[in-house]
Amino acid sequence: MSARTRRLTTAQALVRFLSAQYTERDGVRRRLIAGTWGIFGHGNVAGVGQALLEAGEDVMPFHQGRNEQSMVHAAVGYARQLNRLSAQAVTTSIGPGATNLVTGAALATINRLPVLLLPGDYFATHSADPLLQQLEHPVEADVSVNDTLRPVSRYFDRITRPEALIPSALQAMRVLADPAETGAVTLALPQDVQAEAYDWPEEFFAERVWYVRRPAPDPAELTAAVEAIRSAERPLIVAGGGVHHSEAEAALKAFTDATGIPVSSTQAGKGSLRHDHPADLGGIGHTGTTVSDDLARTADLVIGVGTRYTDFTTASGTLFQNPDVRFLNLNITGFDAHKLAARTLVCDAKSGLEKLLEALSGHRVSEAYEAEYRAGKERWDEVVEAAYRADDESAVPTQTQVLGALDAAVGDDDVVINAAGSLPGDLHKLWRSRSPRQYHLEYGYSCMGYEIPAGIGVQQAAPGTPVWALVGDGTYLMMPTEIVTAVQEGLPLNIVLLQNHGYASIGGLSEETGGERFGTAYRFRAADGTFTGAPLPVDLAANAASLGMDVLRAKTVRELREALATARSSDRPTCVYVETDPAPTAPPAEAWWDVPVAETASREAAVEARERYDRQVAGRRRHL
């Protein structure tokens, strides 16, 4: 070996390279790849697995997972908690280990969150085709199952020669650290190349710092934005996840304190202001608050800050009904900034809000407008109190009373995690966020099974922070496996497990759209072949206990409050299990969501649902 090269396998070189990568923003430096999750098989055990062993925990911490999709979810939870400034890698074998990454990769990319995927791949030399688990394509010999990761990755490469790793690894780090480009990054690693030695230049292993930019707004765009805000009588801010990723919460507060412009939040943006700030109106859209949606319907200027404007936010194009409404979008990506034919401020959320505040010196909305939205906020606060209230503490709790009990139990910095089912809607309407990272809803992909592994990732990112994974029985059955990881690592993850015997959220949607709750209940088959018999005798609490958790069963509101307090004070992974009263207690939807209904049907429920659908869809607008 010469003085300027180091002979290592490709896998060993990759691990060493990753250990020397850092991000820096506002003078704070972090490891870009802080650890690696892995499940080993013949496609990575002798390559990346051996390299991790040889490097040791000080160079690259290793985390043992139980399901490849769950490992990605954990890494995503970690990256979100740290505002995308630090990420984790995930290594898998070939075949099903690799394809199990696809759902997690889609979730990461849709939510603009960084994760590095390192799936094993077939022999680059084709010396032993067909391998165990190899997909043989009759006309494209270079296709592998890893190609399923291409459309859900922001960057993809297959490393077919050791030296090809050098430019590809650098590109991978660039994408992961770039707030406008980030998402899942995939480096597919043929198993023979992983183990192949090469003389690597020492410069490849030098410490590199990837500076996370805060681009300022273009002066011409800023001038136009200021004119639009000054001329608006009923402006409304829609805060998205970009506010959190940019750590722009203080800048947003300063902006709204000075201008009086109210703030509504998407699922990803909730918590951008504390819930008790007089200008915080809560969630917006299909699962929004009355005050948010009422103001959205009459707003003449909608200022989107770091939002993608999903259909839940826009009520499928029916929410913003003022004939003169215009949009101003502040976003770090031009792709999102240009949505809804908006005026654009393509810049970092924090720097953009600061520049706007400076340029708007002295501007403030009318006293009448402030009085209007503050009164609406007070009325909604009463709705929240009513939904949380439990007059009979000996009764079985409703789902909203569970949230009320949790609201009373958590501290300001606790993190509450959810992703799917009926809970996201209730949380978006009702949860009172007290800190920027307390409300952790994955609603870009709304992936069942995200909550438990994401909770592990959050605790890795913020040791000592109480974390609550809220799951229904349907979500729990999808992916409880990382409970074992929490037990193994000694992470005091709290799971609140709500048993309602089926897919409650989709059951309600099915009923609304003419599906009559078909296939949504967890019940025995009845004599007519339908799933309408007795509830299945499934004991999910016993299952959680069998995986190593402490389990607290709560049958009443009083027992629930006691169990939550016990769980929060425990240093062990703890599950609070509660069967809920199915009676609906959440406020109804304040805006529409487009789920197409059968245009022709013989069943009365579907016919009536189509009539309702046709009335709603007539209100859709295209904002041009």
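Residues numbered from 1 in each chain as written. Predicted model: local features only at pLDDT ≥ 70, side-chain atom pairs only at ≥ 80, totals over all residues. Heavy atoms only, no water.

Caption draft 1: Region of interest: the overall build of the protein. The secondary structure content of the protein amounts to 24 helices and 23 strands. For the protein, whose C-alpha radius of gyration is 25 Å, the value lies close to the compact-globule estimate of 25 Å for 624 residues. Per-residue burial for the protein yields a buried fraction of 56% across its 624 residues. For the protein, the exposed surface amounts to about 24,600 Å²; the carbon and sulfur share of it is 52%. Treating the 57 positive side-chain charges of the protein as one cloud and the 78 negative ones as another, the clouds have centres 3 Å apart. (Helix = DSSP H or I, 4+ residues; strand = E, 2+ residues; numbered from the N terminus. Rg over C-alpha atoms; globule rule 2.2 N^0.38 Å. Buried < 20%, exposed > 50% of the residue type's maximum accessible area, 1.4 Å probe, protein only. Areas by Shrake-Rupley, 256 points an atom, 1.4 Å probe, with all protein chains shown as cover. Lys, Arg positive; Asp, Glu negative; His and termini not counted. Charge placed at Lys NZ, Arg CZ, Asp CG, Glu CD.)

Caption draft 2: Main features of helix α14 (residues 349-359). Within α14, burial applies to A349, S351, G352, L353 and L356. Among the residues of α14, the N-terminal cap falls to D348, whose side-chain oxygen and the backbone nitrogen of K350 are separated by 3.0 Å. (Polar contact = N/O pair within 3.5 Å; in protein donor to acceptor, adjacent residues only side chain to side chain.)

Caption draft 3: The pairing of strand β2 (residues 21-25), seen in detail. With five of its five residues buried, β2 lies for the most part within the structure. By the alternation rule, side chains of β2 split into Q21, T23 and R25 and Y22 and E24, which are all buried. Across four bridges, β2 lies against strand β11 (residues 208-211) in parallel orientation. Within β11, the position partnered with Q21 by the bridge is R208. As paired strands, β2 and strand β3 (residues 28-31) are joined by four bridges and run antiparallel to one another. (Pairing = 2+ DSSP bridges.)

Caption draft 4: Up close: the pattern of salt bridges. Taken as a whole and judged by the stated rule, the model has 38 salt bridges. For R6, the salt bridge goes to E202, with nearest N and O atoms at 2.9 Å. Remark: E202 occurs in the loop between β10 (197-201) and β11 and R6 occurs in strand β1 (residues 5-9); sequence separation between them is 196 residues. Overall, R6 belongs to the partly exposed group, its relative accessible area being 25%. Between R213 and D178 there is a salt bridge, with its nearest N and O atoms 3.1 Å apart. Residue R213 is found in the loop between β11 and α8 (219-231), and its partner D178 is found in the loop between α6 (165-177) and β9 (184-190); the two are separated by 35 residues along the sequence. Counted as one network, the salt bridges with shared partners bring together R274, D276, E385, D407, D412, R432 and R434. (Salt bridge = Lys/Arg side-chain N within 4 Å of Asp/Glu carboxyl O.)

Caption draft 5: Quick look at the sheet that holds β11. Strand order across the open sheet formed by three strands is β3-β2-β11, with mixed pairing between neighbours. The open sheet has two free edges, formed respectively by β3 and β11, since each of these has just one partner strand. Geometrically, the sheet is characterised by an average inter-axis angle of 30° between neighbouring strands, direction not taken into account. Along the sheet, helix α1 (residues 10-19) makes contact with β2, β3 and β11, crossing β2 at roughly 20°. In the packing of α6 onto the sheet, contacts are made with β2 and β11, and the angle to β11 comes to roughly 35°. (Axes fitted to C-alpha atoms, helices over the stretch in contact; angles between N-to-C directions. Contact = heavy atoms within 4.5 Å.)

Caption draft 6: Up close: the nonpolar core. Ranked by internal contacts, the top residues of the largest apolar core, which has 75 residues, are I229, L356, W468 and L470. Looking at which element gives the most residues to this core, the answer is helix α15 (residues 367-388), with six residues. When sequence neighbours within four positions are dropped, the list of residues in contact with I229 reads F255, I261, L301, I303, L328, L356, L360 and H363. Formed by 45 residues, the second largest nonpolar core is a distinct cluster that contains M71, A75, Y450 and V471. (Core = buried A, V, L, I, M, F, W, Y, C linked by side-chain atoms within 4.5 Å.)

Caption draft 7: View of the sheet that holds strand β23 (residues 574-579). Taken together, the six strands give an open sheet; going across it, the order is β19-β18-β20-β21-β23-β22, and neighbouring strands pair in parallel fashion. Strands at the two margins of the open sheet, each flanked by one partner only, are β19 (439-441) and β22 (550-554). The average angle at which neighbouring strand axes cross in this sheet is 20°, direction not considered. Most of the contacts of helix α23 (residues 557-569) go to β22, to which it runs at about 160°, and overall it touches β20 (467-472), β21 (494-499), β22 and β23.

Caption draft 8: Representation of the packing of helix α16 (residues 399-409) against α23. For the pair α16 and α23, the least separation of the axes is 9 Å and the interaxial angle reads 40°. Here α16 lies oblique to α23, going by the angle between them. The hand of the α16/α23 crossing is right-handed. On α23, the residues touching Q401, V402, G404, A405, L406, A408 and A409 of α16 are V557, L560, R561, L564 and R568. Of the residues assigned to the contact of α16 with α23, the class counts are eight nonpolar, two polar and two charged. (Parallel < 35°, antiparallel > 145°, perpendicular 65-115°, else oblique. Left-handed = near helix turned anticlockwise from the far one by under 90°. Nonpolar A, V, L, I, M, F, W, Y, C, P; charged D, E, K, R; others polar.)

The quantities given are spatial measurements derived from coordinates; they are silent on function.
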